[in-house]
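# Working through the structure, step by step
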Amino acid sequence: MTTHPAPDSRWRDTGRARSPMDGVLHAQPPLRRLAAGWLLLALSALALSTVFAVLLVLARTPASSVLASAGDLFGRALVLHVSLAVVVWFLCAAAAIWTLAAGGAAGAWRWAALVLAALGVLAMLVAVLQDASVPVLANYLPVLDSVVFLAGLSLFLAGIALCAVACGSALIRQVAWRQLEPWRLGAALSMLAALIAVAALVVSLALLGLPRQAGAFEILAWGPGHVLQFVHVVLLMSVWIVLGEQVLGQALAPRDWLTALLLLAAAPVLLAPVIYLSVPIDGSEFRRWFTALMVWGAWPAGALLAMRLLQQLKRAGRTVWATPPGVALLLSVLLFLLGCGLGALIRNDSTMVPAHYHGTVGAVTLAYMALGYQLLAAFGPAHTAATLPRWQPLLYGSGLLVLALALAWSGSLGVPRKTLHVDVLVRYPSYFAAMALVALGGLMALAGAGMFVINVVQRLRDGRRAAPARARRRDVRWPAVGLTLGLTGALGALLAYWPSERPGDDVAARHADPRRDASLHAAQMRSQEVEQRFSRAVQLLGLKQFEAAGSELHRVLELAPQMPEAHVNMGFAMLGLQRYAVARDFFGVAIDLKRTQINAYFGLAVALEGLHDLPGALGAMRSYIHLSAAQDSHLPKAHAAIGRWEAALKRQPGPGATDQQAMALPSSERNPMVEASPVRTP
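## Structural notes on empty space enclosed by the protein
- This model, assessed by the stated rule, comprises 3 cavities of 30 Å³ or more.
- As a volume, the largest cavity reaches approximately 160 Å³.
- Around the largest cavity sit 14 residues that line it, and Leu 157, Ala 197, Leu 201, Pro 224 and Leu 228 are the ones nearest its centre.
- In the lining of the largest cavity, the residues fall into 13 nonpolar, 1 polar and no charged.

Structure representation (structure tokens):
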């Protein structure tokens, strides 16, 4: 095997091997302060997300089920953990990379972007102290339903968008695109993807308005959230290229090959505007198209680069990949591949979902940590990086590997996600073993994240002092870690015993009789939630509160996507909101799932009438009549509707008049089924 000892020896002698970013870091000192500001904001978000993660790990641990008394605290902690760890930390790190890639002067607009983002993060943190802040556990962008939190999130995203625009314009002015280094090209492509994500959010707001129900938040963030995944994948690949060349001491691959991979990774983002123009954003097709975009477009380029890195690291030998950046790079690659593999195993809304994204998110975080260590040399003497601990990336990366695998194990048992331990109702060895490993992996990852924060703060502080004085100081990192974990654990326990905001909540459901099979028991809990939410949706439909009913049914369809009755009732909710195209899609899916779902044909006929498709409405209504029993109470309305539609078609003067004739009908006659009772049993 060929070995490359040079990179390792350079690390020992100078603190780190030469990096593709060195020219940027040292040739443009005025830009360092701006990049340092973004890194400081990113570091603060990571530190705070670690504090909230302590509570989440304890809440998932069987031995600490007492945390269930915290009311909405689990939901708030989950929202802040995800928002800070995935949204703020990732996008602030991205902004720092954009700043370095763009170069140029740190003008007023670029500083304004940082200030906007910082104010937004501050508002998000203040919102958690408000009693009225209700957690909304939407996918991709969970929020607190609070004006302060939403205003803060808007400010933060505005700052990120402004940074992308300012850095993109600077990059266009100063760089020859044909000579662009691969990592800079990746930064430029991620800026474009980020702007498309923000534009998608603005378009969604313009079309749907401000969300008023929990389900509306997820509909609003579905498109932008999926586009942001491409931002992170492209930047992850860019950082891999930087770290790979630093560790190996040579080019990772031919430039044209790397350029093609980066373009392949970013290209699917261009389909996002097509999806917005092709289907209603609140329909099932919209969700399926964006899901397919991520499933088929987000991983191939990253996986190809990951395999190339593994091949190169294997050839280089242990002396190369055993260095601190080499360990981080190797674990980041393995986490990404593990996350992609677990994503292919997702079949329902179980802990297999967080297993998947803890792998992929952990890969990005670990790569950013390694890059953060490298950037330390730009903010102090070069030798400050020489004593960077080799165990921190190993502790964090191995902890995430254990966490992801344990969550995947519990997911295979059917344990639902976004749920406290006491709500799972599983009390058998396989569940306890899986969740104990979740706790172990989570605590290892938390300790690794805490170490990273402490290491960076200490290096920044030490950079201002003389080396001899620093050498004589006792290493206090381990005591600091113990103190950090102790304080965060104490904070979690204090918050856990905080009086519940809903002391009258019924907890009888937590004591259901267990079954012998753990998977069956977890499925029973899921079934209970489906039944409860379905019943509430039926009541809301009866009260003509269609938007609230749609929110409940949105969650039902997450838990039971193959349930035709839920699709039918969602169609009735959309009819009540006069969203006929969306209603048509839901009724169509219900019929595909169950050909004998009679009331789906009635609803489909009403939806097609609303779309001025009288021939289609006639066909659907005739199918309803054909399948209905003779005593069906809605048959008279069906026959009356058919008579009116046939008369309207006969009255039309020529081709193209069908729409006008349909619109001429009274509104009460165009929707003869709205007041009908939907299916009441799941």
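Further notes follow.
## Re the side chain of Thr 99
- Positionally, Thr 99 belongs in helix H4 (residues 73–102).
- Apart from the residues lying within four places of it in its own chain, the contact partners of Thr 99 are Leu 31, Leu 34, Ala 35, Trp 38, Arg 110, Cys 163 and Cys 167.

## Topic: the pattern of salt bridges
- Evaluation of the coordinates by the stated rule reveals 4 salt bridges.
- Between Arg 288 and Glu 285 there is a salt bridge, with the nearest N and O atoms lying 2.2 Å from each other. Within this pair, Arg 288 and its partner Glu 285 are both found in helix H11 (residues 284–297), separated by 3 residues, close to a single helical turn.
- What makes Arg 288 partly exposed here is its relative accessible area of 38%.
- One salt bridge connects Asp 592 with Arg 595, and the closest N-O pair in it is separated by 3.8 Å. You'll find Asp 592 and Arg 595 in the same group, each marked exposed.

## Remarks on helix H7 (residues 182–208)
- End to end, H7 covers 39 Å across 27 residues, agreeing with the expected 39 Å (1.5 Å per residue, within 8%).
- Count one or two residues on from H7 and you reach Gly 209, which has phi positive near 80°.

## Focus: the environment of Gly 186
- With respect to the secondary-structure elements, Gly 186 resides in helix H7.
- With relative accessibility at 0%, the residue Gly 186 sits in the buried group.
- When the C-alpha positions of Gly 186 and Leu 235 are compared, they lie 6.0 Å apart, and in sequence the two are 49 residues distant.

## Some words on the nonpolar core
- Ranked by internal contacts, the top residues of the largest apolar core, which has 150 residues, are Trp 38, Trp 98, Phe 156 and Trp 240.
- It is helix H8 (residues 214–248) that provides the largest number of residues to this core, a total of 20 residues.
- Contacts of Trp 98, omitting those with residues within four sequence positions, involve Ile 160, Cys 163, Ala 164, Cys 167, Ala 187, Ser 190, Met 191, Ala 194 and Leu 235.
- Counting residues in hydrophobic clusters, the runner-up holds 49 residues, among them Phe 546, Leu 557, Tyr 601 and Phe 602.

What counts, and where the lines are drawn
Residues numbered from 1 in each chain as written. Predicted model: local features only at pLDDT ≥ 70, side-chain atom pairs only at ≥ 80, totals over all residues. Heavy atoms only, no water. 1 Å grid on protein atoms, 1.4 Å probe; cavity = no way out; pocket = protein on both sides within 12 Å on 5 of 7 lines; lining within 4 Å. Points joined across faces, edges and corners; volume = space filled by probe spheres on them. Nonpolar A, V, L, I, M, F, W, Y, C, P; charged D, E, K, R; others polar. Helix = DSSP H or I, 4+ residues; strand = E, 2+ residues; numbered from the N terminus. Contact = heavy atoms within 4.5 Å. Salt bridge = Lys/Arg side-chain N within 4 Å of Asp/Glu carboxyl O. Buried < 20%, exposed > 50% of the residue type's maximum accessible area, 1.4 Å probe, protein only. Expected span 1.5 Å × (residues − 1). Core = buried A, V, L, I, M, F, W, Y, C linked by side-chain atoms within 4.5 Å.

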